[in-house]
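Descriptive analysis of the structure
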Amino acid sequence: MEESQLSELPGVPLTLEGSCVLHQMFHFDWNAWKGVSFEQRHGIETGAVELFGRWEEGSKQEHPNQSAVFSLIGHKGDLILIHFRESFQALNQVELDLAQTAFYDYLELKHSYVSVVELGLYESSRKTWEAASAKGLEPNTPEFRAEVEASLERASAAMAPRLYPAIPEAKYLCFYPMDRLRAEAKNWYMVPFAERQRMMHEHGLIGRRYGDVVKQIISGSIGMDDWEWGVDLFAQDPVVFKKLIYEMRFDEVSAVYALFGQFFLGVRLPIENLTHWLAGKL
Amino acid sequence: MEESQLSELPGVPLTLEGSCVLHQMFHFDWNAWKGVSFEQRHGIETGAVELFGRWEEGSKQEHPNQSAVFSLIGHKGDLILIHFRESFQALNQVELDLAQTAFYDYLELKHSYVSVVELGLYESSRKTWEAASAKGLEPNTPEFRAEVEASLERASAAMAPRLYPAIPEAKYLCFYPMDRLRAEAKNWYMVPFAERQRMMHEHGLIGRRYGDVVKQIISGSIGMDDWEWGVDLFAQDPVVFKKLIYEMRFDEVSAVYALFGQFFLGVRLPIENLTHWLAGKL
Amino acid sequence: MEESQLSELPGVPLTLEGSCVLHQMFHFDWNAWKGVSFEQRHGIETGAVELFGRWEEGSKQEHPNQSAVFSLIGHKGDLILIHFRESFQALNQVELDLAQTAFYDYLELKHSYVSVVELGLYESSRKTWEAASAKGLEPNTPEFRAEVEASLERASAAMAPRLYPAIPEAKYLCFYPMDRLRAEAKNWYMVPFAERQRMMHEHGLIGRRYGDVVKQIISGSIGMDDWEWGVDLFAQDPVVFKKLIYEMRFDEVSAVYALFGQFFLGVRLPIENLTHWLAGKL
Amino acid sequence: MEESQLSELPGVPLTLEGSCVLHQMFHFDWNAWKGVSFEQRHGIETGAVELFGRWEEGSKQEHPNQSAVFSLIGHKGDLILIHFRESFQALNQVELDLAQTAFYDYLELKHSYVSVVELGLYESSRKTWEAASAKGLEPNTPEFRAEVEASLERASAAMAPRLYPAIPEAKYLCFYPMDRLRAEAKNWYMVPFAERQRMMHEHGLIGRRYGDVVKQIISGSIGMDDWEWGVDLFAQDPVVFKKLIYEMRFDEVSAVYALFGQFFLGVRLPIENLTHWLAGKL
Amino acid sequence: MEESQLSELPGVPLTLEGSCVLHQMFHFDWNAWKGVSFEQRHGIETGAVELFGRWEEGSKQEHPNQSAVFSLIGHKGDLILIHFRESFQALNQVELDLAQTAFYDYLELKHSYVSVVELGLYESSRKTWEAASAKGLEPNTPEFRAEVEASLERASAAMAPRLYPAIPEAKYLCFYPMDRLRAEAKNWYMVPFAERQRMMHEHGLIGRRYGDVVKQIISGSIGMDDWEWGVDLFAQDPVVFKKLIYEMRFDEVSAVYALFGQFFLGVRLPIENLTHWLAGKL
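Reference entry: report on the structure contained in this document. Since the structure is predicted, the reported quantities are computational estimates derived from the model, not experimental observations. (Residues numbered from 1 in each chain as written. Chains lettered and ligands numbered in written order. Predicted model: local features only at pLDDT ≥ 70, side-chain atom pairs only at ≥ 80, totals over all residues. Heavy atoms only, no water.)

**Points about the interface of chain A and chain B**
Counting from both sides, the interface comprises 49 residues of chain A and, opposite them, 51 residues of chain B. The junction of chain A with chain B conceals about 4300 Å² of combined surface from both sides, 56% of it contributed by carbon and sulfur atoms. Ranking the residues of chain A by area buried against chain B places Lys242, Tyr246 and Phe250 of chain A at the top, with a combined share of 18%. There are seven salt bridges connecting chain A and chain B. Residue Asp225 of chain B is joined to Lys76 of chain A by a salt bridge in which the shortest nitrogen-to-oxygen separation is 3.0 Å. Connecting chain A to chain B are 27 residue pairs in polar contact (both at pLDDT 80 or more). Considering each element in turn, the side of chain A that touches chain B owes the most residues, eight residues, to helix H8 (residues 239–248) of chain A. Of the residues contributing to the side of chain A that touches chain B, the split by class is 29 nonpolar, seven polar and 13 charged. (Contact = heavy atoms within 4.5 Å. Buried area = accessible area lost by both parts, 1.4 Å probe. Salt bridge = Lys/Arg side-chain N within 4 Å of Asp/Glu carboxyl O. Polar contact = N/O pair within 3.5 Å; in protein donor to acceptor, adjacent residues only side chain to side chain. Helix = DSSP H or I, 4+ residues; strand = E, 2+ residues; numbered from the N terminus. Nonpolar A, V, L, I, M, F, W, Y, C, P; charged D, E, K, R; others polar.)

In structure tokens:
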């Protein structure tokens, strides 16, 4: 980010961005698949597993290229693929690669979500601004902005593991997109920074209590998809998704200011089990 | 549930969870079916009935695995299948099993609903908290939380028949999902606990008056599907669905705070009658 | 209805229910039909007309089983079928019967509506309650409720022709579903009974003025379909539908509290003219 | 209209109705069409042009039966057909006639709109009522109503050219449906007549300034389709559609009380150019 | 624009219009394409590239006819084509030309957007009106209007490069439509001109700070498509789309008055790379 793009509005929280993310929700055409001979099936499965294998190679490197598969429950689709990549171009290449496989003939893309891993820095935004002010720097001067820039760069380096996360190994996935409310009397974007910070802090406390049993990855999608954020939750027991989100629904920032899109619930499908899944066994 | 996940917000009612639930609404392709020879039909029907039989075996065990079929009225589909299982993975396996049958070639999944049987404990939440306080325990201390945990475990054991219910034998089914309102001036999640408890109590009184003629199963779906709850009503006379819901629409919690999704009305189809149904006879 | 289901809330108006109703809106596949030979057409048409004939037989009996066909204008479909039956099971059998015909191969069910003929008794609710009170009976005592029950039974017998109506013979049909508003400041279900009664009375006066030229059948669909009521209007001149509904839009109960779904406009198609219609002649 | 249907509510403006109107928005199946041989194409085109020719014959008579074709821009369809007829039955016959052509095999009806040409008489409603009052007639007496009826009949005769209009010859069409707002605080149907009249008058002044470059036909669709009115604008330069509607969006009746549906923008396609269009040339 | 169409309402900002714009979002049928032989592919690709070549020729002329292709990320489609032309008729011809190619057999138009490049002149509207007043001219006199007309013509000539822009060469595209809010208490079209001007000015300052890294083209679509404006952003780094739009979401005109439609994110696909893309390589 170049200096000129740092917001001059003190109410805009600083954010850090990491991996580019694509969720793909596919319908699988069981009826067509059942008409495929065992020989053909083998070739198709091998091609799909090979592609996943190539994708997974990437995930051993420093900037992890991660892909994972989940078996979706309900009519919103049969499979959900999650991809983390270093750029949106790379995500588009993932789409094109998958489209070239014979496996793709049995897939219909019903839904997707495009976003980028995001850390919203409500607390450190304030600290950074206060530290710069404490040094006697005036807001919106080059010196002030350089100070903030430097702070952001340090934070980005320190938070690299959270900005370029591995996909957690948990058994269940819950994904949903969300917005902050902009209604006539209640408008998140018109709430003073300090109040938003307080509400986000309280919200974070709930998440932290569930930290051992639910791993969470937040991605921002303003300008990329139809909602403002995407939320991925990973857990061994999916009932804790309900416990966590229900409890959060009573905290002020969610009760008043959260709008939710569709919810997707999936069961982890390790790629080496794809052949079993294609034979109807989870 | 581990201790750390007990809400520290006194306004969040305790809940108990039981069977995992999947509703599947299918369109049946009559035009394709009518082109199937009687011999083929027999094989297809047998395969479907066998699968249902295997599912029903489960239902004789302690943790009942229940599946039931209803013939849907109207354009939202032709068949609705309800499955109760001990886990979401088991529900996903039900989907995969059904997809492997030849019967599935004539089914198109139009809609579904994913949830878990839930008992919302407004009244016992308060009693439990008061009992713990009466013992001199401070809220959000380990002792207080242990007390509440122990109470929840006792309740869960006592309510096992309602948490892992059998699907009632009634002739008609009414299913619909619902939310609690979060609007600008009227927001269920910002209403004090005592007021919510009072409204839920009054709401429950109406349901209780209909208790002899309408059996009700509530399932929670926050984090699992697009609405907060699913409601299944079972009755011999479907007009009582209208009587009950219309009357409830005048109680405060529904009049002001209930948002409803689509309504599905079905007629029970015992699996042994499937062959008749496939010949056009209910 | 058993005694225990009578509302104890004085604000819930009494209702009477009659025939079960199904609306089916079909797309007709003209392109496929044009490929059918004249011989085949004859067989298909005969099968369809026979089924309608069997349905119409019912309509000569005391509890009329009524079915009628309309040619729909616009893209919402080509045909609308209306069925009145003595039960929802019978309506489901109508669907299954139709699905078995060869005619059904050319139909695609695009929309439907499930409801039951309903008389909302705002005025007689009050009178009944007042009469019971005048006898010195206390509300919500068994005596009071028995009094009301007896009154409802007398009303039901007296209103049988309106509860089990014949489908009017008029040339045009207008069908639409509707809800009463439950918004934050304006909420029908929180309005005191007397005010609702006054508004419904004024609303009824408009309908009565159009009584000679528009026949109206109201059916309730709470718990059965996605809106609260369905409205069928029948007239020789469809412009009066607009006149009537436009005028009503200025009365308080509609202006403030009515929400409308889709409107369907159809031209009566006597079943004996089906062959003409299938040749493109109305 | 019979006397008994004249509104007794002084707030309901008088309206006059003329031609019945149907808009049909079709997707054209270019891929299938490109597979048709030149000989077959000729036959198909001839059949379509002949049908349009027969429709246009009607348009030379006194009560014009008008049909016009436009090439639609964007994904909402490829062709829009507008039909003006003397009855809704005649519009349904137009649909059936078109469905019998071979041309129809390449058309898919994506959208439509059903309405009737309407003149809303805010200004003359007031004048008529005042004139009747000036004669000493009491509102809602037979004499008062007869006076108003007679006035409406004179108006209808005088406005016949606007009630049964020819479709303007302009190069571009803009069509959209609209509603008047019925929200909690702002509700058009609860605004006193005089205020509505003032707002409609100011609204009309803008339209009049554009009168030379935009021809407008308003049709009412309450009870006939899902919005209250349809608006057809015709102009040589489509940018004036934007200028006109943008300017109107700042007048009170539109700014506060207008809700808009989808907008359709088309280029006039004289039927004699259909063969060119089918070869990809506008 | 003829004089008579200049708004007499001082609150309506002057606008200038330039190139007509069409966005086309296509699904590409990979499964069908994979069945095409290499020889056939070559012919199909050549035809598509030739058509794009002819379109690009236009773009070297004074009134640029511009077309560009982007590879879409996610399920909203696979390709997005943007066309700038001198008229809407020319845009419709673009659609017809594309439909005649063999390439079109593999495309399905899922979405589109119709608009015209627009410069909203809040600041110069005021200056122009003040200058005319300073000359002693009365608003809404022929002299005043002639003065404004002359000013608009000078502005239009001066701003021709922005009214008939070239499509920027950046690697990523972000497209979305938007509206200004017309709610009950917050209604953009009822806000006084000076306040709107102030908010638009502040909004513009943010855009200007991002001017080096994001190129923006605003097009108006009132009367042409379902939203009021379309926004095209072009950048080398798509994360700046999020930064820019997130920051703007906190300025008053966006926070309170902006409603957003779907967001589309694409990667530039130079037409000479189409063959590569069709082989699955970006």
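**Side note on the relation of the copies chain A and chain B**
What connects the two chain copies is a rotation about an axis and a shift along it. Between chain A and chain B, the superposition needs a rotation of 72° and an axial shift of 0.0 Å, giving an RMSD of 0.0 Å. What we have between these two chains is a five-fold relation. Rotation axis and chain A: the residue whose C-alpha lies nearest the axis is Glu184 of chain A, separated from it by 6.9 Å. (Least-squares fit on C-alpha atoms with pLDDT ≥ 70 in both.)

**So, the pairing of strand E3 (residues 79–85) of chain D**
Residues and elements named next belong to chain D. Counting buried positions along E3 yields seven of seven residues, so the element is predominantly enclosed. Covered by surrounding structure in E3 are Leu79, Leu81, His83 and Arg85 together with Ile80, Ile82 and Phe84, the residues of both alternating faces. Note: strand E1 (residues 15–28) against E3, seven bridges, orientation antiparallel. Opposite Leu22, over in E3, you have His83 as the bridge partner. Sheet analysis places strand E2 (residues 66–72) next to E3, joined by six bridges and oriented antiparallel. Opposite Ser71, over in E3, you have Leu79 as the bridge partner. Two successive antiparallel strands, E2 and E3, enclose a turn made up of six residues, where Gly74 displays a positive phi of approximately 100°. (Buried < 20%, exposed > 50% of the residue type's maximum accessible area, 1.4 Å probe, protein only. Pairing = 2+ DSSP bridges.)

**A word on the nonpolar core**
Of all hydrophobic cores here, the largest spans 278 residues; its most connected members are Phe88 of chain A, Phe88 of chain B, Phe88 of chain C, Phe88 of chain D together with Phe88 of chain E. In contact with Phe88 of chain C, other than residues within four places in its own chain, are Ile73, Tyr172, Pro238 and Leu265 of chain B together with Cys20, Val114, Ser115, Val116 and Met224 of chain C. (Core = buried A, V, L, I, M, F, W, Y, C linked by side-chain atoms within 4.5 Å.)

**Focus on helix H4 (residues 122–134) of chain D**
With 13 residues, H4 of chain D should cover 18 Å at 1.5 Å per step; its first-to-last C-alpha distance of 18 Å lies within 8% of that length. Listed in full, the buried residues belonging to H4 of chain D are Tyr122, Ser125, Thr128, Trp129 and Ala132 of chain D. Angularly, the buried residues of H4 of chain D cover 130° about the axis, an arc narrow enough to put them on a single face. For H4 of chain D, the exposed residues set more than 90 degrees away from the buried face come down to Lys127 and Ala134 of chain D. The inward-facing, buried residues of H4 of chain D abut helix H8 (239–248) of chain C together with strand E4 (107–120), helix H5 (142–158) and helix H7 (193–209) of chain D. Residue Gly136 of chain D follows H4 of chain D closely and has a positive phi angle near 85°. (Expected span 1.5 Å × (residues − 1). Arc of directions from axis to C-beta.)

**Details of the relation of the copies chain E and chain A**
When chain E is fitted to chain A, the best match, at an RMSD of 0.0 Å, comes from turning it 72° and sliding it 0.0 Å along the axis. An overlap of only 2% is found between the interface residues of chain E and their copies at the interface of chain A, pointing to separate contact surfaces.

**Brief notes about the interface of chain E and chain A**
Contacts between the two partners involve 48 residues from chain E and, on the opposite side, 51 residues from chain A. Summing the contributions of chain E and of chain A, the shared interface buries around 4300 Å²; its carbon and sulfur component is 56%. On the chain E side of the interface with chain A, the three residues burying the most area are Lys242, Tyr246 and Phe250 of chain E, jointly 18% of the side's total. Our count for the chain E to chain A interface comes out at seven salt bridges. For Glu228 of chain A, the salt bridge is made with Arg249 of chain E, and the minimal N-O distance between the two is 2.7 Å. Viewed at the interface, chain A and chain E are joined by 27 residue pairs in polar contact (both at pLDDT 80 or more). Put simply, the parts of the chain that give the side of chain E that touches chain A at least two residues each are helix H1 (30–33), strand E2 (66–72), strand E5 (172–180), helix H7 (193–209), helix H8 (239–248), helix H9 (252–257), strand E8 (258–260) and strand E9 (264–268) of chain E. Top contributing element to the side of chain E that touches chain A by residue count: H8 of chain E, with eight residues. Of the residues belonging to the side of chain E that touches chain A, the class tally is 28 nonpolar, seven polar and 13 charged.

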